[in-house]
Amino acid sequence: MRSTLILTTGLLLAASPQAAAAQGAPASATDILVEEVHLLLENMIGVSIDEQMRIADVGGTNVGVGILHRTSDNDSDGALTGLIHAYITEVYVMLSGSGTLVTGGEIINQGELSGGSVAIGPSFSAEIRGGESRLIEVGDIVIIPAGVFHTWTSIPDHVTYLSIRVDPDQHLPAGYVHPDLN
């Protein structure tokens, strides 16, 4: 039997069936098969990479699912460099490895807003001081609201995780499918 990862409107938006129907929600779910996840993972060994797998319109909101792999440290005694997604909330689901994730903090140097990419939407690079550090391990889930700084530090070996991106303003392109999954 094939395992699947399924996005559902009810779980991600906690909307009632009546509210979803009123917003024009699709009549079916979007599947991401475990075989597709493994296909993209094969190309990630030894490099830091962010691969958006699919983006679905779930009725007035887009939801993207990507798989990310990080290998390098961002250790610093001072400012940390990372990202702030202007409109996209991310939910990380840890698949393997561990590392320290830093969120929030005092922004001391913010880059220009970029158009982003198919994966992340409009975003800023930033340097911060402080923030909340925590060890993230396999099985942990982290929700990073839009507008919150985030970066990985002190990665002993690697972190591999799913990133579920909630996009209420539809900056991510609905219907996107990673080219290797077609």
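Residues numbered from 1 in each chain as written. Predicted model: local features only at pLDDT ≥ 70, side-chain atom pairs only at ≥ 80, totals over all residues. Heavy atoms only, no water.

A. Spatial organisation of the overall build of the protein chain. Across its full length, the protein chain holds three helices and 13 strands. Considering only residue pairs separated by 6 or more positions, the protein chain has 79% of its internal contacts joining residues 24 or more positions apart. When the accessible surface of the protein chain is split by element, carbon and sulfur atoms take 53% of a total near 9,000 Å². (Helix = DSSP H or I, 4+ residues; strand = E, 2+ residues; numbered from the N terminus. Contact = heavy atoms within 4.5 Å. Areas by Shrake-Rupley, 256 points an atom, 1.4 Å probe, with all protein chains shown as cover.)

B. Summary view of the pattern of salt bridges. One pass over the full model with this rule turns up four salt bridges. Ionic pairing is found between R165 and D50, a salt bridge with its closest N-O pair at 2.9 Å. Taken together, the positions of R165 in strand β13 (residues 159-167) and D50 in strand β3 (residues 49-57) put the pair 115 residues apart, joining distant regions of the chain. For D50, a relative accessible area of 25% puts it in the partly exposed group. Between R134 and E132 there is a salt bridge, with its nearest N and O atoms 3.7 Å apart. Residue classification places R134 among the partly exposed residues on the basis of a relative accessible area of 24%. The exposure class of E132 is partly exposed, given its relative accessible area of 47%. (Salt bridge = Lys/Arg side-chain N within 4 Å of Asp/Glu carboxyl O. Buried < 20%, exposed > 50% of the residue type's maximum accessible area, 1.4 Å probe, protein only.)

C. Here's a closer look at the environment of H158. For H158, the position within the fold is in the loop between β12 (150-153) and β13. A relative accessible area of 19% places H158 in the buried class. Spatially, the C-alpha atoms of H158 and V47 are 9.4 Å apart, while their sequence positions differ by 111 residues. Here the side chain of H158 touches S96 through a polar contact of 2.9 Å, side chain to side chain. Among the polar contacts made by the side chain of H158, one reaches the side chain of D157 at a distance of 2.8 Å. (Polar contact = N/O pair within 3.5 Å; in protein donor to acceptor, adjacent residues only side chain to side chain.)

The values reported here are purely geometric and, on their own, carry no functional implication.
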